[in-house]
Amino acid sequence: MKILVTGGAGFLGSHLCERLVAEGHDVLCVDNFFTGSKNNVAHLFRHDNFELMRHDVTFPLYVEVDQIYNLACPASPVHYQYDPVQTTKTSVHGAINMLGLAKRLKARILQASTSEVYGDPEVHPQTESYWGRVNPVGIRSCYDEGKRCAETLFFDYWRQHQLEIKVMRIFNTYGPRMHPNDGRVVSNFIVQALRGEALTIYGDGSQTRSFCYVDDLIDAMILVMSTSAEFTGPVNIGNPREFTMLELAELVIRFTASKSKLIFNPLPQDDPKQRKPDIALAKAQLGGWGPKVSLEDGLQETINYFKRQL
Ligand code: NAD
Ligand code: UDP
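These numbers come from a predicted model, not from an experiment.

A.B. asks: Kindly report on the site of ligand 2, identifying the contributing residues and their values.
C.D. replies: The local shell around ligand 2 holds 18 residues, among which Val-185, Thr-200, Arg-209, Asp-271 and Arg-275 are the closest. The contact in question runs from an oxygen atom of ligand 2 to an N or O atom on the backbone of Tyr-202, over 2.9 Å. Contact distances for ligand 2 include 3.0 Å between an oxygen atom and a side-chain N or O atom of Gln-207. Residue composition of the shell around ligand 2, by class: seven nonpolar, five polar and six charged.

A.B. asks: So what's going on with the pattern of salt bridges? Which residues, and what values?
C.D. replies: Overall, the coordinates contain 17 salt bridges when judged by the stated rule. The salt bridge partner of Glu-116 is Arg-140, with a shortest N-O separation of 2.7 Å. Of the two residues, Glu-116 sits in the loop between strand S5 (108-114) and helix H4 (141-161) while Arg-140 sits in the loop between S5 and H4, which places them 24 residues apart along the sequence. This pair shows no difference in class: Glu-116 is buried, exactly as Arg-140 is. The salt bridge involving Arg-184 is made with Asp-182; its shortest N-O contact spans 2.8 Å. We classify Asp-182 as buried; its relative accessible area is 2%.

A.B. asks: Describe the side chain of Thr-114, and please don't skip the residues or the numbers.
C.D. replies: Relative to the elements of secondary structure, Thr-114 occurs in strand S5. On the accessibility criterion, Thr-114 (4% relative accessible area) is buried. A polar contact is formed between the side chain of Thr-114 and the backbone nitrogen of Glu-116, at a distance of 2.9 Å.

Conventions used here
Residues numbered from 1 in each chain as written. Chains lettered and ligands numbered in written order. Predicted model: local features only at pLDDT ≥ 70, side-chain atom pairs only at ≥ 80, totals over all residues. Heavy atoms only, no water. Near = heavy atom within 4 Å. Polar contact = N/O pair within 3.5 Å; in protein donor to acceptor, adjacent residues only side chain to side chain. Nonpolar A, V, L, I, M, F, W, Y, C, P; charged D, E, K, R; others polar. Salt bridge = Lys/Arg side-chain N within 4 Å of Asp/Glu carboxyl O. Helix = DSSP H or I, 4+ residues; strand = E, 2+ residues; numbered from the N terminus. Buried < 20%, exposed > 50% of the residue type's maximum accessible area, 1.4 Å probe, protein only.

Below you can see the structure in the form of structure tokens.
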């Protein structure tokens, strides 16, 4: 198949392109290199079935493909808050452009949505039926509301134009090729520990997240795309093992054998207090899929990657 991956030069996108190229598909990777880079996909240039195109998805795109994975959007709070107007445009105009393309081509399209659609959740763990608690006017809103609006657009194209859509809500995912300066907690802690700098805990570190290793996430993404036409999602994808940020910091310090201390910084506005996916739907729909890589093993891989980078 000919497959378009928007945001393909980013962290998740580059792993997805790698997998699709290995499966023998013709992969068109589209990216504006805001947070992604050519380096992330440079190893794919030698494959005839891989092509890289610089393009901003807020502008229309005219190509011919059979499937679309829409991942274009900065994902870390530091990056999506850098130019919040562009973040909303990327989610909303990007979705409209990619859905329009899918409509013309009658192509199946998958949206990389996010656990952020649940905001700071009162329901724990989060199920797909929970509508969320999102501040519409805060510093995270450009991302959260942009992604929520993109979901709305996907479902309206499905109802109105019978498009084959797949909406997948991704929970915190980590692994090699995360941007060292993107400010996300796993990359921050590892880079700080390797440099012997203090690990920055925001708030008291009691807030929780559930971390999924990138390989497990990509397995699920490809399975979601290949579900029957009737299945639209939204479907949660992530690893339900929940950790406090203090526990994560302790693991990173242990695995890097670092002498780094912890420092406590103010908690950013609207930072969710807890997050953990209910993945029962994914397990039922994806032929028994479940995360295989433990945080311990995944951290080790990620630490080895950052050691090489630094
Ligand atoms: P990333 O920042 O590494 O990748 C995003 C990619 O999109 C980058 O290559 C960037 O340059 C590109 N991009 C941004 N704006 C663009 C535009 N206007 N036009 C074209 N390309 C553009 O982040 P990631 O972690 O790989 O996230 C990929 C997708 O998955 C995002 O949509 C994100 O919201 C979603 N997601 C990721 C996580 C996670 O934990 N990694 C969690 C939830 C959702
Ligand atoms: N965090 C932290 N120290 C850091 C970076 C992040 O304590 O150096 C916290 C952050 O406040 C949040 C959690 O780690 O509670 C996860 O943050 P991240 O930016 O990785 O993802 P998100 O908040 O989008 O889930």
